[in-house]
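# Topology and contacts: notes
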Amino acid sequence: QVHMQESGPGLVKSSQTLSLTCTVSSGSITSSGYAWHWIRQPPGKGMEWMGAIAYDGSIYYSPSLKSRTSIARDTSKNQFSLQLSSVTPEDTAVYYCATERAGIYPPQEYDYWGQGTQVTVSS
């Protein structure tokens, strides 16, 4: 199975940029047909799809977050990253990376998930 792990600061100040990295092992981010996603879950709320980068480098964003979101990848390190700019306390959430191969954005299901990482935005 694919193993994925999020990393990055757990505390970010308001107005700053939230930066996270997903390191993928036991799988390649360039594997044909797969896309690599960022999803978050604010406290007491449901999952929110943020965006994804596909195996060929194509990038997709949630319309509600597109203006503040940047997703990139480093194929040499088998990593992909998330940057969310101008954060506010409403961006406090558990952030997950995940993968699927359905090819629909946002996907309804994911094949594998990282464990998630808590990010708190201070006021």
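Residues numbered from 1 in each chain as written. Predicted model: local features only at pLDDT ≥ 70, side-chain atom pairs only at ≥ 80, totals over all residues. Heavy atoms only, no water.

## Quick word on the pairing of strand S3 (residues 18-25)
Under the convention used in this document: Buried, partly exposed and exposed residues are distinguished by accessible area as a fraction of the type maximum, computed with a 1.4 Å probe on protein chains only: under 20%, between the cut-offs, and over 50%, respectively. Only DSSP runs of H or I reaching four residues or more are called helices, and only runs of E reaching two or more are called strands; each is numbered from the N terminus. What makes two strands pair is DSSP finding at least two bridges between them.
The alternating pattern of S3 places Leu18, Leu20, Cys22 and Val24 on a buried face, while none of Ser19, Thr21, Thr23 and Ser25, on the opposite face, is buried. Direction of pairing for strand S1 (residues 3-7) relative to S3: antiparallel, over a ladder of 5 bridges. Looking at S3, one finds that glutamate 6 is bridged to cysteine 22. By the bridge criterion, 6 bridges tie S3 to strand S8 (residues 79-84) in an arrangement that is antiparallel. In the sheet register, cysteine 22 faces S8, and the bridge partner there is phenylalanine 80.

## Notes on the nonpolar core
What counts, and what does not: Side-chain atoms within 4.5 Å are what join buried Ala, Val, Leu, Ile, Met, Phe, Trp, Tyr and Cys residues into a set we call a nonpolar core.
In terms of nonpolar packing, the biggest core is built from 23 residues, with Leu18, Trp38, Phe80 and Tyr95 touching the most fellow members. For this core, the secondary structure elements donating two or more residues are S3, strand S4 (35-41), strand S5 (48-54), S8, strand S9 (93-100) and strand S11 (117-122).

## Some points on the state of the cysteines
Note on terminology: disulfide describes a covalent bond linking the sulfur atoms of two cysteines. How we decide: Working definition: a disulfide is two cysteine sulfur atoms within 2.5 Å of each other.
Within the structure shown, the criterion is met by 1 disulfide. Through a disulfide, cysteine 22 is tied to cysteine 97; the S-S separation comes to 2.1 Å. When the S-S torsion is 65°, as for the bridge of cysteine 22 with cysteine 97, the disulfide is right-handed. Of this pair, cysteine 22 sits in strand S3 while cysteine 97 sits in strand S9, placing them 75 residues apart in sequence. Judged by its relative accessible area of 0%, cysteine 97 is buried.

## Topic: the sheet that holds S8
For clarity, the threshold we go by: Angular values range over 0 to 180 degrees, each being the angle between N-to-C directions of two axes fitted as lines to C-alpha atoms, with helices fitted over their stretch in contact.
In space, the 4 strands of this open sheet follow the order S1-S3-S8-S7, with antiparallel pairing throughout. Two strands in the sheet have a free side with no partner beyond their single neighbour: S1 and strand S7 (69-74). Strand after strand, the sheet turns through a mean of 20° between neighbouring axes, direction not considered.

## Some thoughts on the pattern of salt bridges
The criterion, for reference: For this analysis, a salt bridge means a side-chain nitrogen from Lys or Arg found within 4 Å of a carboxyl oxygen belonging to Asp or Glu.
Applying the stated criterion to the full structure yields 3 salt bridges. Notably, a salt bridge pairs arginine 40 with glutamate 48, separated by 2.7 Å at the nearest N-O pair. On the basis of relative accessibility, which here comes to 6%, the residue arginine 40 falls in the buried class. For arginine 68, the salt bridge identified is with aspartate 91, shortest N-O distance 2.9 Å. Pair noted here: arginine 68 is in the loop between strand S6 (59-61) and S7 and aspartate 91 is in the loop between S8 and S9, with a separation of 23 residues, a long-range link. For arginine 68, a relative accessible area of 22% gives the class partly exposed. A relative accessible area of 3% means that aspartate 91 is categorised as buried. Sharing partners across several salt bridges, the network here consists of Arg40, Glu48, Arg68 and Asp91.

Just distances and angles here, no functional claims.
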